[in-house]
Amino acid sequence: MSNELSRRSLLRGLGLAAVAVPAAGLLGSCSTTSGAGTGSPGGAKDLLALGRQQGYLRVAIANEPPYTKVNTDGTVTGCEPDVFRAVCKKLGIKDIQGIVTPYESMIPGLQANRWDAITAGLFMKQSRCSQVDYSEPVIVSTESFAVPKGNPKNITKVQDVIDNSSLKIAVLPGGFEEGILQTAKVPGSQEVKVTDGRSGLEAVKSGRADAFFLPTLSLKALQKTDNSFDVTPPVGDAPKTGSGAAFRQSDSDFVATYNKQLAQFKQTPEFADILTKWGFDPAAVKGVTAAELCKNPG
Ligand code: 6CS
């Protein structure tokens, strides 16, 4: 399996999604199914029927624990995929198959029918909500900076980056954090684009960046295997982040069906168990709506 994983990480490094594994798990980026949603007239019937008939739906993920994670056997887990899989099962769709892809490719890939949903913790904001149909939120979370030990440049909020044009901040291209800086009119010259968590931390360690901007829980997950950096408390002047599954707008009937099932699932101990397992507070999302989170600027 390690060969498979090294091949998979090589493909990913080339910007290709991992190669498919037969069991429910990762699917190749060139996977083709008669995916619904491409303007199909049937809406829910098509995506629901497709999922039931083929036994899975394809989901875009980033492999960024705790939001999404690919196990060494290729199976897909993490907070959002686990919730999505549980709700799909209640709809008669047996499982999900994950495709690892960068955040900036998730919506274009969805529109191109390379996957049926995005379950990556793709945080809601105006520009995204205008392109996809989000389910109601599953999680709310916060943003932080990874900084050198002791935070020598005292970077604790977005305003610090605005006020000091010499600061370089590592961000994922097309990510929510990059959007925060752009909305704040931070010049692109202050961005250091990185591909994933590891390379973001490397940018800070090497001094190419003064901080790495990423969700608090993602940075804390990285800290479990590398404690050479500090994670700031949640950034007070970042928008409230939250996400749910994202679908094509042509699958809005399916989204309505999914939301009904999700609303019931959110009342169950199973939902609370999944969130708690991944470090999220199940109570934090109570009463939070997609409409509210879709007001986020950017
Ligand atoms: O929504 C986003 O773009 C962000 N979401 C997560 C879970 N990690 C980083 C990414 O930029």
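Quick caveat: nothing in here was measured; it's all calculated off a predicted structure.

**Quick look at the packing of aromatic side chains**
Tallying each qualifying case throughout the model produces 10 aromatic pairs. Put simply, the rings of Tyr 67, Phe 123, Phe 176 and Phe 280 pair up and form one aromatic cluster.

**Observations regarding the packing of helix 3 (residues 79-90) against helix 11 (residues 269-277)**
Running from N to C, helix 3 and helix 11 cross one another at 160 degrees; their axes reach a closest spacing of 9 Å. In terms of orientation, helix 3 and helix 11 fall into the roughly antiparallel class. With respect to the hand of their crossing, helix 3 and helix 11 are arranged in right-handed fashion. Along the contact surface, helix 3 presents Cys 79, Asp 82, Val 83, Ala 86 and Lys 90, while helix 11 presents Glu 270, Phe 271, Ile 274, Leu 275 and Lys 277. For the contact of helix 3 with helix 11, the residue count by class is six nonpolar, no polar and four charged.

**Comments concerning the nonpolar core**
Generally speaking, soluble globular proteins have nonpolar side chains that are buried together. Of all hydrophobic cores here, the largest spans 89 residues; its most connected members are Phe 84 and Ile 118. The element that contributes the greatest number of residues to this core is helix 3, accounting for six residues. When near neighbours in sequence (up to four residues on either side) are disregarded, Ile 118 contacts Ala 60, Met 106, Ile 107, Leu 110, Gly 244, Ala 245 and Ala 246.

**Things to note about the pattern of salt bridges**
Inspection of every chain in the model, using the stated rule, returns 13 salt bridges. Between Glu 178 and Lys 193 there is a salt bridge, and its shortest N-O distance comes to 2.3 Å. Linking Glu 178 in helix 7 (residues 176-183) with Lys 193 in strand 10 (residues 191-193), this pair joins segments that are 15 residues apart in sequence. Here Glu 178 falls in the buried class, since its relative accessible area comes to 6%. For Glu 202, the salt bridge is made with Lys 205, and the minimal N-O distance between the two is 3.5 Å. Residue Glu 202 and its partner Lys 205 are both found in helix 8 (residues 197-206); the two are separated by three residues, about one turn of the helix.

Conventions and cut-offs
Residues numbered from 1 in each chain as written. Predicted model: local features only at pLDDT ≥ 70, side-chain atom pairs only at ≥ 80, totals over all residues. Heavy atoms only, no water. Phe/Tyr/Trp six-rings, centres within 6.5 Å; stacked < 30°, edge-to-face > 60°. Axes fitted to C-alpha atoms, helices over the stretch in contact; angles between N-to-C directions. Helix = DSSP H or I, 4+ residues; strand = E, 2+ residues; numbered from the N terminus. Parallel < 35°, antiparallel > 145°, perpendicular 65-115°, else oblique. Left-handed = near helix turned anticlockwise from the far one by under 90°. Contact = heavy atoms within 4.5 Å. Nonpolar A, V, L, I, M, F, W, Y, C, P; charged D, E, K, R; others polar. Core = buried A, V, L, I, M, F, W, Y, C linked by side-chain atoms within 4.5 Å. Buried < 20%, exposed > 50% of the residue type's maximum accessible area, 1.4 Å probe, protein only. Salt bridge = Lys/Arg side-chain N within 4 Å of Asp/Glu carboxyl O.

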